[in-house]
Every structure is written in C-alpha cells, then in structure tokens.
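What follows is the residue order along each chain.
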Amino acid sequence: MDKFEEQIKAAQKAYEPKDTFIDATMQHIAAHHPRRRWSAKVWAPALAGVAVVALVLVALPISSRTIHSSNSNSTTTTASQTQPSTSTAQGSSNTTSHPSAGGTDNASLENDLGGVQHSMSQENNDQSSANSALNDQQNEIATPTS
Amino acid sequence: MKIHYSKKVGTLRARALTVFGAAVVSSALLLTGMANAAALKANLNASTTGVVVNTSADISVNTTHLQNILTKGNQEIERRLATLNSLTSKITGATKLNASDKATLSAEVSTTMSGLTSLKAQLNASTTLAAAIASAQDIYTQYRVYALVAPKVGLVKVADDQQAIEAKLTALAQKLQTRLAAEQQAGKNVAALKADLSDMNAKVSAAQSISANVESTIIDLQPSDYNSNHSILVGVNAQLKTAHTDIVAAYGDAKNIIAGLKSLKSL
C-alpha cells in the first residue's frame, strides 16, 4: 500500500457517517451477549414482517366491511328512491284507475305509438322508392336494337 | 280544188295513224316496264331474308348497325346491373322485410345479375346482326329489370312495412282494450274511446288484408308473367295506398284514445 492509497483510506474513514448509538449498542451486544447479536439480526426483520402481515389481515376485513356497508347503503338508498315512485304509481293507479300492469300505462302506450309512427315514416320512405321504381318502368321499353 | 282537198285528207290520216301507232308502242313499253318493276319488287320482298349484301356500302352500314347494337346493349346491361346492385343493398338493409321475402328477392336479384352478365358476354360475341338483335331483345324480354323486378322489390318492401305496422297497431289495440276495460271497471265513461278503438281495429284489419294480399300476389311474379300481361302491376300501388290510408286512420284513432285516457286521469 503506497502512501497515496493510505491517504485516501484515511480520508474515507474521516468522512464515514457514524451512528454512535447503534455502534455502541452493537458493540455492547458483541461484547456482553455475543449470541444475541445474530438473533437480533434474524428476528427483527421477521417480527417486522409478521407485524405487516397482521396489519394487512386486520385491515382487509375492515375495508371489505366498509365496502359492503357502503353498498348496502347505496342499495338501501336506491330502494328507498324506487319505493316512493312505485308507491306513487300504485297510488295514482288506485286513485285514478290508471293501471300500469302489462304496459298499459300512459307512458307505455305513448311509447308504443311512437314506435308505430317511426315505422310509418319508414314505410313512407319505401313508398317513395316504390313510386320511383314504378315511374322507371318506362325505361324497360328502350330498345337497343335500332 | 277537189284534188287539193283529197290530198290534205290523205296527209291527215297518215299523220293520225303515225301518232296512234307511236302511242300504242309507248303504252306497250310503259306497261312492260311497270310489269318488270312489279315483278322485281315482288322478287325482292319474297327473298329479303336470303338477300346477300355484296356491295361495300351495304357491308359498312351493317357493321355500323351491329356496333351500335353492341354499344347500346352493353350500356343497357350495365344500367340494369347498377340498378340491381342498388336493389341488393336495399334488400339487405331492409329491417321490415320478412325473412322469406328477403330470401326470395335476394335470390331473384342475384339470378338476374348473373343472367345479364352472361348475356353481355353473349351479346359481345355476336358476329351477325340477327344474333346481336336477338341478344339485345333478351335484355328486356328475359329479365324485365325495370318493368317488373325493381317495382316488385319496392312494392313488397312497402307491403312488409305495412304488415309490421299493422302488427304493432294490433298489439297496441290490445293494450288499449285492456286499459279501457280497467277504466270502465273503475266507473269512467269510455264509450267514445271504445268507439275509436272499434274503428281502429276495423282499419287495421282492412289494411292487413290488403297488405298481405299484395305481398302474396306479387312476390312470385316472373318476367314471363309480365310478358304475358303488361298490366300485371297496375293497381297494386293504389291498393297499398289504400292500406296506408287505413293505417293512418288507425294511428289517429290510437292517438285519440291515448289522449282520452290522459284526460280520464285528471278527472
């Protein structure tokens, strides 16, 4: 080892970060409890891992319960929103003799009428095409033999 | 004086005889010429089909005529093929055509297209005027694209459209019947609405009869049917228009009934 290399190592040593507490603890364990040094290195991460797994196991059921409860809440909300309208419809049915069974309520009937109207407009288009085709019948007479 | 007079009479007789003779000869020649001309004309008429054109001018005229027929024939076939292509798209895209009619019309259009394509090749291979004329005539006598096929597709489509509407109106009428019965049971006066419903049912029934009859009558018509009777489609469109009028009336009835039901609600 030449002089220059010794100078570099000395400089590195001088700038190495020192955790005095850990160093002291490790030195103490190494000095007074030589076996515990190894066991601490193994068990500390293992305990940390177990703690994480435990946290996950505890957290998951809680979150699923939260989701379930929120779903049930939303379902309840939907049901509570639907029920009044149903009861309103039934109410009007009872009070105004306005049955909704079998799609005979006003909205359903108007919807059906709209479907008929749509088909009628299609028929009108096809009728125009048929008229054009009938007008074009005279094209058949054109004789290419002259 | 007597001698002079007799000489003059003799000269006049001689001149008259000469003139008469000339007239007889001229008439005979004229009659002979006319008879020859008539005989020649008769011969020409009798042997028209057997005439062989030998002059270069006649050959040129025939070649031009043949070329004209080929050109026009090709144009007519192409025009028909374009129309048939358009019909194919209409048939394929039609949502109200029933499956059976769609299959029948598609097959007919397809067969017509392949037939015309073959006819085009046959026409273009014609080397005589007679063969070209025969092929050109087949364009319309064998296929009747404009006289029958195209109108038939259009009319069947309308008939099927109408039948789809009639089915919807029938279903709607049944619902209206149910609803009116419920309203009546609830003590509402629905007499006028029931009268509308009765009219609606009658109109739908009349329209159904016409549309179904038109469809079944024309779906199987062939070019040969048209060749036998050129009036085969006359009146069909008028029938469909009558059915359309019935449908419009039934729709109006349904609209009135629904409006009436709405007003019942507010009582």
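In this text the structure is predicted, and so the values were computed from the model without any measurement. (Residues numbered from 1 in each chain as written. Chains lettered and ligands numbered in written order. Predicted model: local features only at pLDDT ≥ 70, side-chain atom pairs only at ≥ 80, totals over all residues. Heavy atoms only, no water.)

Draft legend 1. The arrangement of the overall build of chain B in detail. Each helix and strand counted, chain B has eight helices and zero strands in total. Each helix and strand of chain B, placed in order from N terminus to C terminus, yields the pattern α-α-α-α-α-α-α-α. Put simply, chain B has 267 residues, and 34% of those count as buried. In chain B, the proportion of contacts linking residues at least 24 apart, taken out of those at least 6 apart, comes to 82%. Summed over its atoms, the accessible surface of chain B is roughly 14700 Å², and 60% of this surface lies on carbon and sulfur atoms. (Helix = DSSP H or I, 4+ residues; strand = E, 2+ residues; numbered from the N terminus. Buried < 20%, exposed > 50% of the residue type's maximum accessible area, 1.4 Å probe, protein only. Contact = heavy atoms within 4.5 Å. Areas by Shrake-Rupley, 256 points an atom, 1.4 Å probe, with all protein chains shown as cover.)

Draft legend 2. Structural context of the overall build of chain A. In terms of helices and strands, chain A carries four helices and zero strands. Secondary structure of chain A in N-to-C order comes out as α-α-α-α. In chain A, which comprises 146 residues, the proportion classed as buried is 16%. Accessible surface computed for chain A: about 10800 Å², of which carbon and sulfur atoms make up 60%.

Draft legend 3. Geometry of helix α5 (residues 145-185) of chain B. All names here are of chain B. With 41 residues, α5 should reach 60 Å at 1.5 Å per residue; the first-to-last C-alpha distance of 58 Å fits that figure. Largest kink in α5: about 25°, centred on Lys 152. Count one or two residues on from α5 and you reach Gly 187, which has phi positive near 90°. (Expected span 1.5 Å × (residues − 1). Bend = angle between axes of the 7 residues up to and from the residue.)

Draft legend 4. Local environment of the layout of surface pockets. Empty space within the largest pocket amounts to approximately 190 Å³. The wall of the largest pocket is formed by 14 residues, among which A:Ser129, A:Ala133, B:Leu87, B:Lys90 and B:Ala150 lie closest to the centre. Ranked by the residues each element gives to the lining of the largest pocket, the list is headed by α5(B), at five residues. (1 Å grid on protein atoms, 1.4 Å probe; cavity = no way out; pocket = protein on both sides within 12 Å on 5 of 7 lines; lining within 4 Å. Points joined across faces, edges and corners; volume = space filled by probe spheres on them.)

Draft legend 5. Summary view of the pattern of salt bridges. With the rule as written, the count across this model stands at 10 salt bridges over all chains. Residues B:Lys175 and A:Asp112 are paired through a salt bridge, measuring 2.7 Å at the closest nitrogen-oxygen approach. One end of the pair, B:Lys175, is in helix α5; the other, A:Asp112, is in helix α4 (residues 106-135), on a second chain. The salt bridge involving B:Glu78 is made with B:Lys120; its shortest N-O contact spans 2.3 Å. (Salt bridge = Lys/Arg side-chain N within 4 Å of Asp/Glu carboxyl O.)

Draft legend 6. Here's a closer look at the interface of chain B and chain A. Taken together, the contact between chain B and chain A spans 53 residues of the former and 37 residues of the latter. Overall, the association of chain B and chain A removes approximately 3900 Å² of surface from exposure, summing both partners, and the carbon and sulfur fraction of that is 60%. The tally of links between chain B and chain A comes to four salt bridges. Linking chain B with chain A are 16 residue pairs in polar contact (both at pLDDT 80 or more). Of all the secondary structure elements, the ones that give two or more residues to the side of chain B that touches chain A are α2 (56-93), α4 (129-141), α5 and α8 (236-265) of chain B. Considering each element in turn, the side of chain B that touches chain A owes the most residues, 21 residues, to α5(B). (Buried area = accessible area lost by both parts, 1.4 Å probe. Polar contact = N/O pair within 3.5 Å; in protein donor to acceptor, adjacent residues only side chain to side chain.)

Draft legend 7. Inspection of the packing of α2(B) against α5(B) at higher detail. Residue and element names in this part refer to chain B. Between α2 and α5, whose axes approach to 11 Å, the crossing angle comes to 10°. Of the possible angle classes, the one that applies to α2 and α5 is roughly parallel. Residues Arg 79, Arg 80, Thr 83, Leu 84, Leu 87, Lys 90 and Ile 91 of α2 form the contact with α5, whose own contacting residues are Val 145, Tyr 146, Val 149, Ala 150, Val 153 and Lys 157. Classifying every residue of the contact of α2 with α5 by side-chain character gives eight nonpolar, one polar and four charged. (Axes fitted to C-alpha atoms, helices over the stretch in contact; angles between N-to-C directions. Parallel < 35°, antiparallel > 145°, perpendicular 65-115°, else oblique. Nonpolar A, V, L, I, M, F, W, Y, C, P; charged D, E, K, R; others polar.)

Draft legend 8. A look at unusual backbone geometry. Residues and elements named next belong to chain B. Residue Arg 144 is not a glycine yet carries a positive backbone phi of 50°. With respect to the element layout, Arg 144 can be found in the loop between α4 and α5. Taking the relative accessible area as the measure of exposure, Arg 144 reaches 8% and is therefore buried.

Draft legend 9. Representation of the confidence of the model for chain B within the structure. Residues and elements named next belong to chain B. When the pLDDT values of chain B are averaged, the result is 86; 79% of them are 70 or greater. Segment residues 29-51: pLDDT under 50, and zero contacts once partners within four positions in sequence are set aside and those in other chains are kept. Both scores are given for the predicted complex: the pTM is 0.62, the ipTM 0.73. (pLDDT = per-residue confidence, 0-100.)

Draft legend 10. Summary view of the environment of B:Leu81. Residue and element names in this part refer to chain B. Here Leu 81 shows up in helix α2. Residue class for Leu 81 comes out buried when judged on its relative accessible area of 12%. A sequence separation of 32 residues divides Leu 81 from Met 113, and the C-alpha atoms of the two residues are 6.2 Å apart.

Draft legend 11. Quick peek at the nonpolar core. One finds B:Leu116, B:Leu176 and B:Met200 to be the most contacted residues of the largest nonpolar core, which totals 67 residues. Elements with a minimum of two residues in this core: α4 of chain A together with α2, α3 (99-124), α4, α5, α6 (191-218) and α8 of chain B. Here this core takes 16 residues from α5(B), the largest share from any one element. Leaving out residues up to four positions away in the same chain, B:Leu116 has contacts with B:Ile77, B:Arg80, B:Leu81, B:Leu84, B:Ile139, B:Tyr143 and B:Val145. (Core = buried A, V, L, I, M, F, W, Y, C linked by side-chain atoms within 4.5 Å.)

Draft legend 12. Seen up close, the packing of α3(B) against α5(B). Residue and element names in this part refer to chain B. For the pair α3 and α5, interaxial distance at closest approach is 11 Å and the crossing angle is 165°. The orientation of α3 with respect to α5, classified from their angle, is roughly antiparallel. Handedness of the crossing formed by α3 with α5: left-handed. Every residue of α5 that contacts α3 at Asp 101, Leu 105, Glu 108, Val 109, Thr 112 and Leu 116 is listed here: Val 145, Val 149, Lys 152, Val 153, Val 156 and Asp 160. Residue classes in the contact of α3 with α5 are distributed as seven nonpolar, one polar and four charged. (Left-handed = near helix turned anticlockwise from the far one by under 90°.)

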